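Coordinates in review
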Amino acid sequence: MVKESVKEKYDAALDCMGFHMLVTDSDRELYLKNAYNSLKENSSMLFFRESYRKDGTYHGIVNSVEEWAQITGDDYKTPQLRQVRNSDDGGIVEVFVPLVPARAKDKNGYVEEFENVGFDVEKFIEMDVSTAIPHSASIYVRKGK
């Protein structure tokens, strides 16, 4: 929903650990506008387990993934050794996987992004620490009338 919008209107929508994977300001804004426009009036949307930081997040504009890599100092090219659970037997397997870019925000950063496209933020819930995303928040928004 970054590059294309849907024509239908829905009663609700769910983003499951996806929005924070958009790094550039333009992609994030387009995604939120398309999500907003895909909802009927007064419909809700849940952003489930978005990567979240209480403080220390970057508040400036990001125009590219390369720029984000310079800002964070993260290496998104070199594969790193990681442990994953084997779906067949539940055992742990070591694999080399590169770091995937993601852009966490603090509460004010997320609220500002959602409100800028017209959403009303109804709830912001800090989630328990998880192995999937150590620090996350679930954010309930509503399309106003």
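One structure accompanies this document, and this report is about it.

Here is what the cut-offs are and how they apply
Residues numbered from 1 in each chain as written. Predicted model: local features only at pLDDT ≥ 70, side-chain atom pairs only at ≥ 80, totals over all residues. Heavy atoms only, no water. Core = buried A, V, L, I, M, F, W, Y, C linked by side-chain atoms within 4.5 Å. Buried < 20%, exposed > 50% of the residue type's maximum accessible area, 1.4 Å probe, protein only. Helix = DSSP H or I, 4+ residues; strand = E, 2+ residues; numbered from the N terminus. Contact = heavy atoms within 4.5 Å. Pairing = 2+ DSSP bridges. Salt bridge = Lys/Arg side-chain N within 4 Å of Asp/Glu carboxyl O. Axes fitted to C-alpha atoms, helices over the stretch in contact; angles between N-to-C directions.

With 19 residues, the main nonpolar core has Phe19, Tyr31, Met45, Phe47, Phe114 and Phe119 as its most contacted residues. Within the residue set of this core, elements represented by two or more residues are α1 (25-37), β2 (39-51), α3 (107-116), β5 (119-126) and β6 (136-143). At four residues, the largest contribution of residues to this core is made by α1. Filtering out sequence-adjacent residues up to four positions away, Phe114 remains in contact with Phe19, Leu32, Phe47, Phe119, Val121, Ile139 and Val141.

This brings us to the pairing of β6. Of all eight residues making up β6, six are buried, and the element is well covered by its neighbours. Two strands pair when backbone bridges link them, and β2 and β6 are joined in this way by six bridges, in the antiparallel orientation. Paired with Ser51 across the two strands is Ser136, which belongs to β6. Sheet topology places β5 next to β6; seven bridges connect them, and they run antiparallel. Across the sheet, Lys123 pairs through a bridge with Tyr140, a residue of β6.

All right, on to the pattern of salt bridges then. Inspection of the entire model under this criterion finds eight salt bridges. Across the salt bridge formed by Glu126 and Lys54, the nearest N and O atoms sit 3.5 Å from each other. Taken together, the positions of Glu126 in strand β5 and Lys54 in the loop between β2 and α2 (65-72) put the pair 72 residues apart, joining distant regions of the chain. Two residues, Glu113 and Lys105, come together in a salt bridge whose shortest N-O distance is 3.8 Å. Assessed through its relative accessible area of 12%, Glu113 is described here as buried. Sharing partners across several salt bridges, the network here consists of Arg28, Lys105 and Glu113.

Our focus in this paragraph is the environment of Lys107. Note on placement: Lys107 falls in helix α3. Taking the relative accessible area as the measure of exposure, Lys107 reaches 42% and is therefore partly exposed. If we skip the residues at most four places from it in the chain, Lys107 touches Tyr52, Arg53 and Phe124.

All right, on to the sheet that holds β6 then. In space, the four strands of this open sheet follow the order β1-β2-β6-β5, with mixed pairing throughout. Among the strands making up the open sheet, the edge pair consists of β1 (10-16) and β5. Ignoring which end each strand starts from, the neighbouring axes of this sheet average 15 degrees apart. With six bridges connecting them, β1 and β2 associate as parallel partners. For Ala12, the partnering residue across the bridge sits in β2 and is Ser44. Relative to the sheet, α1 contacts β1, β2, β5 and β6, its axis offset from that of β2 by approximately 140 degrees. Packing of α3 onto the sheet brings it into contact with β2, β5 and β6, and relative to β5 it is tilted by some 155 degrees.

Before going further, it helps to examine the environment of Pro134. Along the chain, Pro134 turns up in the loop between β5 and β6. The partly exposed category is assigned to Pro134, whose relative accessible area is 44%. For the pair Pro134 and Tyr52, spaced 82 residues apart in sequence, the C-alpha to C-alpha distance is 8.9 Å. Pro134 has contacts with Asp128 and Val129, leaving out every residue within four places of it along the chain.

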